[in-house]
Amino acid sequence: MRAARNPNHAIAAAVAAVAAAAFAGTFWFDPVPEGLPGLGAVDFPRLVCVLLFLLAGLLALKQGSRPSEEEAPPLDRGAWLIFGACLVFLPAMEVLGIWGAIPIFLVATGLIWGEVPLRTLVLNAIGLTVALWVVFVRIFQLTLPSGWLGAMLGR
Amino acid sequence: MEAFLGGLAILVDPYVMLMVLLGTVLGIFVGALPGISGSTTIALLLPMTIAMGPVPAICFLGAIYCAANFGGSITAIMVNAPGDPSASATALEGYKMAEKGQAGLALGMSAVSSAIGGIVSVIVLIFAAPMLARAAYSFGPPEYFALALFGLSMCAAIGGDSPIKNLIAAALGLLIATVGMDLTTGVERFSFGIYELSDGIGFVPVLIGLFAVGEMLDQAARRVGKAQIIHLDAARVPGWAEFKKCNRSIWIGSGIGTFIGALPALGATTAALIGYNETRRWSKYKHEFGKGSIEGVAGPEAANNAAVGGSMVPTLALGIPGSATTAIILAALIVQGVRPGPHLFNEQPTLLYAVFASMLAANIFYLVMGLYMAKLFARISLIPPAILWPAVFVLSIIGAYGPNQSMGDVVIMLVAGVVGFLFRRTGFSPAPLIMGLVLGGMVEETLKQSLIIFGDDLTGFLGRPIALALFAVTATGLLWPVLSRLLRVARAARA
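Summary of the structure given here. For clarity, every value in this text was computed on a predicted model and none was experimentally measured. (Residues numbered from 1 in each chain as written. Chains lettered and ligands numbered in written order. Predicted model: local features only at pLDDT ≥ 70, side-chain atom pairs only at ≥ 80, totals over all residues. Heavy atoms only, no water.)

The next point concerns the overall build of chain A. Helices and strands together make up the secondary structure of chain A, namely 6 helices and 0 strands. Starting at the N terminus and walking to the C terminus, you meet the elements of chain A as α-α-α-α-α-α. Against the globule reference of 15 Å for 155 residues, chain A gives a C-alpha radius of gyration of 24 Å, more extended than a compact globule. Classification of the 155 residues of chain A by burial places 37% in the buried group. Sequence separation of 24 or more characterises 64% of the internal contacts of chain A that already satisfy a separation of 6 or more. Summing over all exposed atoms, chain A offers an accessible surface of approximately 9,400 Å²; the carbon and sulfur share of this is 68%. One way to put it: in chain A the 9 positive side-chain charges average out to a point 7 Å from where the 9 negative ones average out. (Helix = DSSP H or I, 4+ residues; strand = E, 2+ residues; numbered from the N terminus. Rg over C-alpha atoms; globule rule 2.2 N^0.38 Å. Buried < 20%, exposed > 50% of the residue type's maximum accessible area, 1.4 Å probe, protein only. Contact = heavy atoms within 4.5 Å. Areas by Shrake-Rupley, 256 points an atom, 1.4 Å probe, with all protein chains shown as cover. Lys, Arg positive; Asp, Glu negative; His and termini not counted. Charge placed at Lys NZ, Arg CZ, Asp CG, Glu CD.)

Time to look at helix α2 (residues 43–61) of chain A. Residues and elements named next belong to chain A. Under the 1.5 Å per step criterion, the end-to-end length of α2 is 27 Å for 19 residues, consistent within 8% with the ideal 27 Å. Where α2 is concerned, the buried positions are Phe44, Pro45, Val48, Cys49, Leu52, Leu55, Ala56 and Leu59. Buried residues in α2, looked at end-on, bunch into an arc of 140°, giving them a common side. Structural note: α2 exposes Leu47, Leu54 and Leu61 on the side pointing more than 90 degrees away from its buried face. (Expected span 1.5 Å × (residues − 1). Arc of directions from axis to C-beta.)

Let us now look at the pattern of salt bridges. Residue and element names in this part refer to chain B. By the definition in use, this model includes 8 salt bridges over all chains. Between Glu215 and Arg424 there is a salt bridge, with its nearest N and O atoms 3.0 Å apart. Pair noted here: Glu215 is in helix α9 (residues 203–222) and Arg424 is in helix α17 (residues 407–425), with a separation of 209 residues, a long-range link. Arg424 matches Glu215 in its accessibility class, with the two residues each being buried. Ionic pairing is found between Glu278 and Arg281, a salt bridge with its closest N-O pair at 2.8 Å. One end of the pair, Glu278, and the other, Arg281, are both in helix α11 (residues 268–282), 3 residues apart, so they sit about a helical turn from each other. Residues participating in the shared-partner salt-bridge network are Asp182, Arg189, Glu444 and Lys448. (Salt bridge = Lys/Arg side-chain N within 4 Å of Asp/Glu carboxyl O.)

The next subject is the interface of chain B and chain A. A common way to express how large an interface is: the accessible area buried when the components associate. Counting from both sides, the interface comprises 58 residues of chain B and, opposite them, 67 residues of chain A. A combined buried area of about 5,200 Å² lies between chain B and chain A, and 81% of that area is made up of carbon and sulfur atoms. Interface area lost by chain B to chain A is led by Arg223, Ile398 and Arg425 of chain B, which between them contribute 13%. Linking chain B with chain A are 0 salt bridges, by the criterion used here. Here chain B and chain A share 3 residue pairs in polar contact (both at pLDDT 80 or more) between them. Among the elements of the structure, α8 (163–177), β2 (188–189), α9, α16 (385–401), α17 and α18 (430–453) of chain B are those that each provide at least two residues to the side of chain B that touches chain A. (Buried area = accessible area lost by both parts, 1.4 Å probe. Polar contact = N/O pair within 3.5 Å; in protein donor to acceptor, adjacent residues only side chain to side chain.)

Any functional reading would require information beyond the geometric quantities listed.
This is the structure in structure tokens:
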């Protein structure tokens, strides 16, 4: 029977990869004039990268346990759809502006999340969008992205 | 004394008082919401405080910090779902009391012991912080470097499922802190020609991403339904007999909480768990624990609120965060142009005493609100996650974009959110990363200055006894698991 894989190995490899990439990145820094006292621009980041390598090595040596379903539940279709909605929020903001994207996002994500009827979600989306607009635009005087739609409407 | 009176005078300002009151209400509100902790809220609201000015902003955030710990106990008792991680010990006995029909008494004791713990720690803060700051006046860059390393080493003990993972997160924070222009040489580091990165990665988007968006993505993966609430008529002020029974637990909790809080990196959650264990150890009624012990509510509640004042001691006196939440408050101070440290006590004593006074006021506010409005706050946990978490995401977007009107900051926040989500799924805690990010500049700067002082000779540290002592404590703390194992083996061999 094959021994169970140590999940720490994958995490340690990822940490080591980040450290290696950062270490390599220090070679692209602009050169510093010779003769400056103390640490240069590259030394401290390299020191941290070496520390990360060492810690990744220690982590790989340590036996880890696979996270339980409670700690890391499997990602179902709904979770992926919510992640997708979060990702789509930025382009939606570019097109519809933040005040167009917010209610659509609130209703769509709420529907995927489940348990709350559409009518409640729509009312909540309208109420929250208006409240946020009052707080941030009217009170805090923030300029938030109005998007192509906002530009077209002449805002 | 004059400065303290000045601080109290600032508090009389209706605007500051309003901010403290608002912070207290908001703190209880978010503390009672399972999943949204005080640190998440402070990270989320940090951008809004930029326009407030230093005193109202810090009073507002300090009040949230004080009240969120208490708010967490409401849902811990009523729903068995700690609203804040620091209330997890309270749930052990508080929910059992609620099941026995003593929810009102548990909430009343929680409010009273939280307020006592909080007030005791603020009094300690008022006296200890200036003393620590005076002692720190003799500190030079080598001592600060050693102190910052000590603070980072303490990260090994916070959250997550392994000290090594915590140290990795702290080191990643240090690495992120190096992004942008190196102030000594003017060289741009890891900015890859991207204009937004040349000034470094801002605290605000990283904090919001790691705490708020990371938690939102994690909740999206879980999508649990709303909680079931236990019936409650009203919180009840504990009677003399109950208070007498819990007297010792409250003082043990207050002492432990203040001490643990004052240690860099360790915060309210650790204090509450140790407070619970010590309360049980010293209790005359040990048999009641696990079945709904009122002492088991009083001890950890006093401890987690005492940790708030305790953790502000190193944050304000030394500029070393006492917990993840104070790391965010430290970032808020820096964003406001205030650099905490010993000099602050000379330069802006009134600001400091206004912070102390506002924390005292917040403790009194939430005591009153906790006793009279607990029923209302408990209903907060009934907000459906399908409404709550998408709203958190929307607020995160506005919070990240707002301060600099930069889409680059929104992208950084989303990346930090993904990192925060992956951290949660792989047993990492985001708190050490924040500690590393906040302390990164200080670690590098003081190391560079030390080496210049010592003429590039590391043995120069040997001539600095305070730095040496701090290095020794750091090394002992980090190697303690190995040392204790060796001691056990040696003892077993002798036997």
